[in-house]
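Topology and contacts: notes
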Amino acid sequence: MEIIKEQYVDTVDMPKLIEGTIPKIFSELDPHSVYITAEDAAAVMEDMEGSFSGIGVSFNMQTDTILVISVIPGGPSEKAGLLPFDRIITINDSVYAGKEIRDTHVMKLLRGEKNSTVRLGVKRGNEPELIEFEVTRGEVPVHSVDVSYAIREGIGYIKVNKFSRTTYNEFITAIAKLKQQNCTGFIIDLRNNGGGMMDAAINMVNEFLPAGQLIVYTEGKSFPRSDVHSNGTGTCKDAPLVVLTDEISASASEIFAGAIQDNDRGIIVGRRTYGKGLVQNQIGLNDGSQLRLTIARYYTPAGRSIQKEYELGKGEDYDMDIYNRFIHGEFDSADSIKLDDLPQFKTTIGRTVYGGGGIMPDIFIPRDTSGITSYYSSIVNTGVLYQFALEYSDAHKKEFSAYSNYRDLYEHLKQQPILEEFTNFAMTKGIRKRPALIAISGPLITNQIHAYIIRNFFDEEGFYPVFQQDDPVILKAIEVIQSGKSIPLVEEQPEIAADHVTENKGGASKRYRFIKETPHARYTV
């Protein structure tokens, strides 16, 4: 680069050349070694640090208007006086209503340096004039534990969406809360958790293991083997435990699941995890950009490499693996996984577990495709379902805000003709009624609308108990704990056992099954 700068025939934009060259170099390495620009590095660090500087609201772009869905308690916007369902029309005197504006652009406008200010013009209800607010930006937490609640008597459920610097403290707080509610067994949901900081996962595993148990080890060409053991200070060493995984569970999620499985400490329920077991060292550069370079591999206590196979320089093929697994039928049938072709390892009591990339569950649960039809796919993929829930919430905000708990609101919603109102609404958005398919998808659609409406008033504490009430993976986890089978026995060799297989009625084809199932359609700034 210096030779080019000093000797090249013409003047060269060196920063641009560097930004274009480094990613090409990294593309010839493994799929997880990457170059992160200075602009992107800030966002990555915010996510991992567990907070960012912003105004403290969650919003959604509703018909080209910034709609405030919730205001973070104690945050900058609450202090300034903003309320849920306010509409932000102007930002620093520039109009942002009635325009096509991307969510990411709104986030950049409303986030900013701590103690900096932003002026907002807000339309509230039927007020004829905009209400002006000056909001001083402050620290806004990024929670990695979505929710924790007693899902059954004596059983606590905790959903962890990533592993950040604050995850362990959030997790310990959740455990303490559930113990106060007399929960003695736990379901840890790591589905859709792409990983994060290894230390957070190690500290969480430590809560469940006696002293001296191997949790994970790392090893690489320039980095000799390094073992991590439990220290015996955990608060849940004897608690019944089930861990939920799926094909998105990766990295730190796999460290947690692998340590629990190999130490015969609990049961893994769900589907095979992603298979990301490469250790990256993050190196900061002078301009704020970062190199994330793979230096070692993760291994489970039984000696399994978590990392699935890859070829250097073939990142696109690697990225297609999840889709290929879907096409191959792995999400729908246990028989698609040929265990005879995989390397075998032994747990502490001699159970057989399998390598080859990712963590195989002890109990396989296929994707739940009941209620999935082409009509359902249309309303989800176009965002019409979520939009209806927002508008319905907005129209009834005064009435629904009067409810003191989500259960009472849920009972009220169940008495309303919401499905009929929704299908009429969808018609206005160009999605025609298809009675036969609506009959199949109706219960699923209704449940999700109820859950989204409840979340607008009671956040995740109300959302998840409704949204997940018929989740076959969770129902199986509850069954495992209630039947006293959460501690593996040597005579019970784990099998990739299909359970709760659902029938896909109504002519819905496989192509409708590969839908990214995420309950989040709002953004926090």
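Use the structure listed above.
If you're wondering where the values come from, they're calculated on a predicted model, not measured in any experiment.

Conventions and cut-offs
Residues numbered from 1 in each chain as written. Predicted model: local features only at pLDDT ≥ 70, side-chain atom pairs only at ≥ 80, totals over all residues. Heavy atoms only, no water. Helix = DSSP H or I, 4+ residues; strand = E, 2+ residues; numbered from the N terminus. Rg over C-alpha atoms; globule rule 2.2 N^0.38 Å. Buried < 20%, exposed > 50% of the residue type's maximum accessible area, 1.4 Å probe, protein only. Contact = heavy atoms within 4.5 Å. Areas by Shrake-Rupley, 256 points an atom, 1.4 Å probe, with all protein chains shown as cover. Lys, Arg positive; Asp, Glu negative; His and termini not counted. Charge placed at Lys NZ, Arg CZ, Asp CG, Glu CD. Polar contact = N/O pair within 3.5 Å; in protein donor to acceptor, adjacent residues only side chain to side chain. Pairing = 2+ DSSP bridges. Core = buried A, V, L, I, M, F, W, Y, C linked by side-chain atoms within 4.5 Å.

Considering the overall build of the protein
On a plain count of helices and strands, the protein comes out with 17 helices and 23 strands. Its C-alpha atoms give the protein a radius of gyration of 25 Å, within 12% of the compact-globule value 24 Å for 525 residues. If one aligns the C-alpha atoms of the protein with their principal axes, the spans along those axes are about 75 × 70 × 45 Å. The proportion of buried residues among the 525 residues of the protein is 50%. Once local pairs closer than 6 in sequence are excluded, the contacts in the protein between residues at least 24 apart make up 72%. Total accessible area on the protein stands at roughly 24600 Å², and carbon and sulfur atoms take up 50% of it. Averaging the coordinates of the 55 positive side-chain charges in the protein and doing the same for the 71 negative ones gives two points 2 Å apart.

So, the environment of Ser 289
Within the secondary structure, Ser 289 sits in the loop between β17 (278-284) and β18 (290-299). With 42 residues separating them along the chain, Ser 289 and Phe 331 place their C-alpha atoms 38 Å apart. Residue contacts for Ser 289: discarding those within four places in its chain leaves Tyr 35, Ile 36, Thr 37, Ala 38, Ile 283 and Gly 284. Within the structure, Ser 289 has its side chain in polar contact with the side chain of Tyr 35 (distance 3.4 Å).

Focus on the pairing of β17
Judged from the seven bridges that link them, β17 and β18 form a sheet pairing that is antiparallel. Along β18, the bridge assignment pairs Ile 283 with Leu 291. What sits between the antiparallel neighbours β17 and β18 is a turn of five residues, in which Gly 288 has the positive phi angle 95°.

Observations concerning the nonpolar core
Formed by 55 residues in total, the largest nonpolar core has its most connected members in Ile 187, Tyr 375, Phe 422 and Ile 453. It is helix α16 (residues 435-467) that contributes the most residues to this core, 13 residues altogether. In this structure, Tyr 375 is in contact with Phe 422, Thr 423, Ala 426, Ile 431, Arg 432, Arg 434, Leu 437, Ile 438 and Ile 445, ignoring residues within four places of it in sequence. In this structure, Ile 158, Cys 236, Val 243 and Val 279 belong to the second largest nonpolar core, which totals 37 residues.

Brief notes about the pairing of strand β4 (residues 65-71)
Counting buried positions along β4 yields seven of seven residues, so the element is predominantly enclosed. Looking at chain direction, strand β3 (residues 57-62) and β4 are connected through six bridges and run antiparallel. Residue pairing in the sheet places Met 61 in a bridge with Ile 66 of β4. Summarising the sheet, β4 and strand β5 (residues 87-91) pair through two bridges and their orientation is antiparallel. Note that in β5 the partner of Ile 66 across the bridge is Ile 88.

Considering helix α7 (residues 198-206)
For α7, every residue scored as buried is listed here: Ala 200, Ala 201, Ile 202, Met 204, Val 205 and Asn 206. Where α7 is buried, its residues contact β11 (155-160), α6 (167-180), β12 (185-189), β13 (214-220), β14 (223-229) and α8 (252-262).

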